[in-house]
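Here is what each chain is made of, one letter per residue.
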2 protein chains.
Amino acid sequence: MSSLPRKQSVTAQDVAHRAGVSRAVVSRALSNNGSISPDARERVLRAAEELGYQVNFLAQGLNRRRSHLIGVMVSRISDPFRSSLLDALLGEIQRRGFQALVSEIRSEQDLARTLRRFAQFRVSGVIVTSGQPPETLVNECVSQQIPVVGINRQPDIPFVDYICSDNACGATLAAGQLVGNGCRRFGWLNTSHSTWAGRMRGEAFYQALSTLGVDITRDWQALIAPTEGYDGGFQAALSANEHPEGIFCANAQLACGFLDGMRQRGRHAPDDFQLIGFDNTPQTAQYSYQLTTLHQDVAEISRQALTRLLERAEDPQQPSRTTWVDVQLIHRRTSPLSQ
Amino acid sequence: MSSLPRKQSVTAQDVAHRAGVSRAVVSRALSNNGSISPDARERVLRAAEELGYQVNFLAQGLNRRRSHLIGVMVSRISDPFRSSLLDALLGEIQRRGFQALVSEIRSEQDLARTLRRFAQFRVSGVIVTSGQPPETLVNECVSQQIPVVGINRQPDIPFVDYICSDNACGATLAAGQLVGNGCRRFGWLNTSHSTWAGRMRGEAFYQALSTLGVDITRDWQALIAPTEGYDGGFQAALSANEHPEGIFCANAQLACGFLDGMRQRGRHAPDDFQLIGFDNTPQTAQYSYQLTTLHQDVAEISRQALTRLLERAEDPQQPSRTTWVDVQLIHRRTSPLSQ
DNA sequence: TTGAAAGCGGTACCAC
DNA sequence: GTGGTACCGCTTTCAA
């Protein structure tokens, strides 16, 4: 318990002094910005090294009116898909030299508070993976030149960019697979308060089926899970009376719950029914599930998100863009490849 | 695509002007710090409201030498326990009015870089949930008066506080349960490169068994999973030749994998063996697993972590403290209550 | 190329 | 109680 030296942090002034130049030169040397002689540059860099100098990001940000922070809005991180998306986002954010500010959103109020807080930190960008921030709120960001990108959100706010998995394509693949496997009656499982992405998947599934010649009015039904997640899927399986042969499911958690609920009733995939989920979470690959599912490419989504953010930082007035990221059908046991 | 008003953000100066006072008064009114007349205070607050004034945290932090940021170091967020811990931490951090800076650590290098970066943002504290930062590195924080707390880390650095689940107690509960259920031969499943917490659980399990009269040399064995997580547990189940009746497992992912691996070999809990895991992740509660497990109270852990952080901010020189958080045995199917 | 100086937006001390 | 003012640490003109 000896008392430690209470070293005040070293500033650009200290470096300047040691290198025998002015603070301005130090700044230039470190930011590669403004002209400087190779010699001075060298001396500064060495001095900085020797002193263990680290830029004060608060001061830097105050000046540049922009921190090296990127705000990420998430919710229910403990959901496997969400956490893997967050994982990928963090990786990408760090790779590009930014630092993530992450906030969990539990209500509309949180949403507003968080967005303001992000602005107060002069973030370089905001990534929304959850909730639908009201347009007026987002405009506070836009007017402060803070780029905003939504992931799997409904693309409806001007000057905001969107990155979405290609839900329609995924649903079409699922429909094709189930039809090809000989299913006749189809089900669509989703929660009642679905996200936009979920609804989109459902609609595209419906469309794809009818295109494939399925008699929608007779052979299609919607199963509504009472709650989100695994439990919702489980309940849905228990409560439904008569089940279709081919079921497409809005996400992986619902699908796993549904599978287990059916098991409890003594019904198993793929013999008694076929099931395709979305998200390809790690759990879907496990021995006890082996769920056929549509893989969302979170790495690519993250890459695109950061790219958009930087582009819009360059040119804030450019028109809103939406990028669709390919999904991939992963064949597992609940819906085998057609023979 | 109409061009938006490019409103510069409103500053304390603007508020001062509108309220007919000086910048200093504005600062006092908003920070409840320093004396001010009720009247002036009122006027400032109203002006701020009307203008939609928001403090610039960068400027504020620069001045106070401390931002309202708390750095959180995590790794492999997509692991269910880790993400639920992060979830709880974020909640608590926000509840206390801070904003989380989160960084994913993938290597020792990341660890150093991240810690420095946190310091550059003048964080109010650092929470380490992953990795073992070298003492010299942590001292850079300590000497800058940045409180550091480790969660489930080995308590070994001066001036750093630690919050840990009571692993020993958990292991003892597990041992008691297995012995009480009539198991004779015991196994301990862990990965070879275990965390400190994992090792501690194993040692306490061993201790508890011998205290309960188990012949350790004959009836105890260690099962080593080749890799982390579900797959590691799965492999371990496949490769072991003869299995003990009662198995305690370092974490939930290993346990689920093990359970599935055993299933593939046609062996099931609790008939063929009993299994107790750690972490009580959502997955362990699911129909297909129903795993008996030790619950870590992530909410309490998070609360304690923040409390320590704030305490040490008050008094940086106080001696290092370690807090043990109770764990709870959740009875499920893989190790039923003794008759 | 370089240094002086004017901020960035607040905070806090000090006279009044 | 209040306003003036000297910073916090860095960036960026602007003249030299």
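Figured I'd write up the structure that's included with this text. The structure presented is a predicted model; accordingly, all values stated were derived computationally and were not measured. (Residues numbered from 1 in each chain as written. Chains lettered and ligands numbered in written order. Predicted model: local features only at pLDDT ≥ 70, side-chain atom pairs only at ≥ 80, totals over all residues. Heavy atoms only, no water.)

**Here we look at the overall build of chain A**
Stage number 1. Looking only at helices and strands, one finds 13 helices and 12 strands in chain A.
Stage number 2. Against the 2.2 N^0.38 benchmark of 20 Å for 339 residues, chain A shows a C-alpha radius of gyration of 26 Å, more extended than a compact globule.
Stage number 3. Its C-alpha atoms give chain A principal-axis dimensions of roughly 85 × 50 × 40 Å.
Stage number 4. When the 339 residues of chain A are sorted by exposure, 55% land in the buried category.
Stage number 5. Counting only contacts in chain A whose residues sit at least 6 apart along the sequence, the fraction spanning at least 24 positions is 68%.
Stage number 6. Surface accessibility of chain A: about 14500 Å² in total, with carbon and sulfur atoms responsible for 47%.
Stage number 7. Taking the 35 positively charged and 33 negatively charged side chains of chain A as two groups, their mean positions are separated by 7 Å. (Helix = DSSP H or I, 4+ residues; strand = E, 2+ residues; numbered from the N terminus. Rg over C-alpha atoms; globule rule 2.2 N^0.38 Å. Buried < 20%, exposed > 50% of the residue type's maximum accessible area, 1.4 Å probe, protein only. Contact = heavy atoms within 4.5 Å. Areas by Shrake-Rupley, 256 points an atom, 1.4 Å probe, with all protein chains shown as cover. Lys, Arg positive; Asp, Glu negative; His and termini not counted. Charge placed at Lys NZ, Arg CZ, Asp CG, Glu CD.)

**Section: the protein's contact with DNA strand C**
Stage number 1. Near DNA strand C, the surroundings consist of 28 residues, among which A:Arg28, A:Asn63, B:Ala12, B:Arg23 and B:Asn63 are the closest.
Stage number 2. The share of sugar and phosphate among atoms of DNA strand C within 4 Å of the protein is 56%.
Stage number 3. Contacts to DNA strand C include B:Ala12, whose backbone N or O atom sits 2.6 Å from a phosphate oxygen.
Stage number 4. Mapped onto the surface near DNA strand C, the elements with two or more residues apiece are α2 (23-31) and α4 (57-64) of chain A together with α2 (23-31) and α4 (57-64) of chain B.
Stage number 5. Tallied by class, the residues present in the surface near DNA strand C amount to 11 nonpolar, 11 polar and 6 charged. (Near = heavy atom within 4 Å. Polar contact = N/O pair within 3.5 Å; in protein donor to acceptor, adjacent residues only side chain to side chain. Nonpolar A, V, L, I, M, F, W, Y, C, P; charged D, E, K, R; others polar.)

**Considerations on the layout of surface pockets**
Stage number 1. In this structure, the second largest pocket occupies an estimated 1100 Å³ of space.
Stage number 2. Looking at the lining of the second largest pocket, the elements with two or more residues in it are α4 and α13 (298-314) of chain A together with α1 (12-19), α2 and α4 of chain B.
Stage number 3. By residue class, the composition of the lining of the second largest pocket is 12 nonpolar, 15 polar and 9 charged. (1 Å grid on protein atoms, 1.4 Å probe; cavity = no way out; pocket = protein on both sides within 12 Å on 5 of 7 lines; lining within 4 Å. Points joined across faces, edges and corners; volume = space filled by probe spheres on them.)

**So, the protein's contact with DNA strand D**
Stage number 1. In the region of DNA strand D, 27 residues are neighbours, and A:Ala12, A:Arg23, A:Tyr53, A:Asn63 and B:Arg28 sit closest.
Stage number 2. Between a phosphate oxygen of DNA strand D and a side-chain N or O atom of A:Ser27, the distance comes to 2.8 Å.
Stage number 3. B:Ser22 has a polar backbone atom sitting 3.3 Å from a phosphate oxygen of DNA strand D.
Stage number 4. Listing elements by their share of the surface near DNA strand D, those giving two or more residues are α2 and α4 of chain A together with α2 and α4 of chain B.
Stage number 5. Tallied by class, residues from the surface near DNA strand D come to 11 nonpolar, 10 polar and 6 charged.

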